[in-house]
Amino acid sequence: VDGQVFRVHCNEGDEVRQGALLFEIDPRPFAAALEQVQANLVRDRALLNRAADQEKRYKDLLDKNFISPDAYGQVKTNRESAAATLRADEAAVASARLQLEYCSIRSPITGYAGKIAIQRGTLVKANDTNALVTINQVVPIYVSVLVPDLTLMDVRLPPANGYLRV
């Protein structure tokens with residue numbers, strides 16, 4: 001998400017575990033947006049309940065021929081519209097929660113923190129390709145080694161314990 005770095009939870013050279021919190025982006029605007037869409041959800045749930053009660057009453061009136069089918073159709077449309085609005089509100093709440101989660105940047109792997117490119121107060125943007133920090137993975141570590149021709153056969157034959165000495 002776009003925002004200002006609120007906290008930096010690691011230092012250069014620190015060992016970080018997978019899932020460890022590295023940075024926090026100021027969550028206040030995202031928390032406020034979540035509260036707003038949650039309030040809309042509560043309001044629209046109440047409107048749907050009212051529309052459902054109204055539809056039930058109008059259905060009884062339609063069955064007794066006290067209202068026209070067109071009048072009942074309008075009330076039914078209002079209930080369906082309120083139900084659709086409620087589903088949109090639920091999606092907005094899920095989206096706002098996700099945006100709030102994105103305020104916490106966690107390590108994808110276990111390793112050691114390299115140079116930290118940002119500090120507290122730095123403005124960051126979503127989808128920015130610049131790295132905030134590089135995590136260097138050391139376990140497992142892969143190494144390429146040039147082997148002289150004279151010892152190539154020793155490397156090709158599997159050792160008794162399953163490991164080669166380096």
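Provided above is the structure to which this section pertains.
Note that the coordinates shown come from a computational prediction; the quantities given were computed from them, not determined experimentally.

A. Quick peek at the overall build of the protein chain. On a plain count of helices and strands, the protein chain comes out with three helices and seven strands. From first element to last, N terminus to C terminus, the protein chain shows the α and β order β-β-β-α-α-β-β-β-β-α. The globule rule puts the C-alpha radius of gyration for 166 residues at 15 Å, and the 30 Å found for the protein chain is more than 25% above it. Over its C-alpha atoms, taken along the principal directions, the protein chain stretches across nearly 100 × 45 × 25 Å. Counting contacts in the protein chain only where the partners sit at least 6 residues apart, residues at least 24 apart contribute 69% of the total. With the model as given, the accessible surface of the protein chain reaches about 12,300 Å², and the carbon-plus-sulfur share is 53%. In the protein chain, 20 side chains carry a positive charge and 20 a negative one; their mean positions are 4 Å apart.

B. The arrangement of the packing of helix α1 (residues 28-63) against helix α2 (residues 69-101) in detail. Two numbers describe how α1 lies on α2: the axes approach to 8 Å, and their chain directions differ by 160°. Our classification of the angle between α1 and α2 gives roughly antiparallel. Crossing of α1 against α2: the hand is left-handed. Classifying every residue of the contact of α1 with α2 by side-chain character gives 23 nonpolar, six polar and nine charged.

C. Summary view of the nonpolar core. In this structure, Leu22, Phe23, Val133 and Ile135 are the most contacted members of the largest nonpolar core, which totals 15 residues. Breaking this core down by element, the ones donating at least two residues are β3 (21-25), β5 (111-116) and β7 (133-136). Of the residues forming this core, the biggest block, three residues, is contributed by β3. Formed by ten residues, the second largest nonpolar core is a distinct cluster that contains Val37, Leu41, Leu48 and Leu86.

D. Focus on the sheet that holds strand β4 (residues 104-106). Spatially, the four strands line up as an open sheet ordered β4-β3-β1-β6, and their pairing is antiparallel. Across the chains shown, the open sheet's two edge strands, defined by having one partner strand only, are β4 and β6 (123-124). By the bridge criterion, two bridges tie strand β1 (residues 3-8) to β6 in an arrangement that is antiparallel. Paired with glycine 3 across the strands is valine 124, a residue of β6.

E. Region of the structure containing α1. Look at α1: 52 Å from first C-alpha to last across 36 residues, which is about the 52 Å you get at 1.5 Å a residue. Those residues of α1 that sit buried are Phe30, Leu34, Val37, Leu41, Asp44, Leu48, Ala51, Glu55 and Leu62. Those residues of α1 that are buried lie in contact with α2. Asparagine 65 occupies a position one or two residues after α1 and carries a positive phi of about 60°.

F. The arrangement of the pairing of β7 in detail. Side chains Val133 and Ile135 of β7 all project onto a buried face; the interleaved residues Thr134 and Asn136 project onto a face where none is buried. Relative to β7, β5 runs antiparallel, the two sharing three bridges. By the bridge assignment for β7, tyrosine 112 is matched with asparagine 136.

G. Unusual backbone geometry, seen in detail. Between valine 139 and the following residue, proline 140, the backbone shows a cis peptide bond with an omega angle of -5°. Mapping proline 140 onto the fold places it in the loop between β7 and α3 (152-156). Even without being glycine, asparagine 65 reaches a positive phi, approximately 60°. Overall, asparagine 65 belongs to the exposed group, its relative accessible area being 67%.

About the cut-offs
Residues numbered from 1 in each chain as written. Predicted model: local features only at pLDDT ≥ 70, side-chain atom pairs only at ≥ 80, totals over all residues. Heavy atoms only, no water. Helix = DSSP H or I, 4+ residues; strand = E, 2+ residues; numbered from the N terminus. Rg over C-alpha atoms; globule rule 2.2 N^0.38 Å. Contact = heavy atoms within 4.5 Å. Areas by Shrake-Rupley, 256 points an atom, 1.4 Å probe, with all protein chains shown as cover. Lys, Arg positive; Asp, Glu negative; His and termini not counted. Charge placed at Lys NZ, Arg CZ, Asp CG, Glu CD. Axes fitted to C-alpha atoms, helices over the stretch in contact; angles between N-to-C directions. Parallel < 35°, antiparallel > 145°, perpendicular 65-115°, else oblique. Left-handed = near helix turned anticlockwise from the far one by under 90°. Nonpolar A, V, L, I, M, F, W, Y, C, P; charged D, E, K, R; others polar. Core = buried A, V, L, I, M, F, W, Y, C linked by side-chain atoms within 4.5 Å. Buried < 20%, exposed > 50% of the residue type's maximum accessible area, 1.4 Å probe, protein only. Pairing = 2+ DSSP bridges. Expected span 1.5 Å × (residues − 1).

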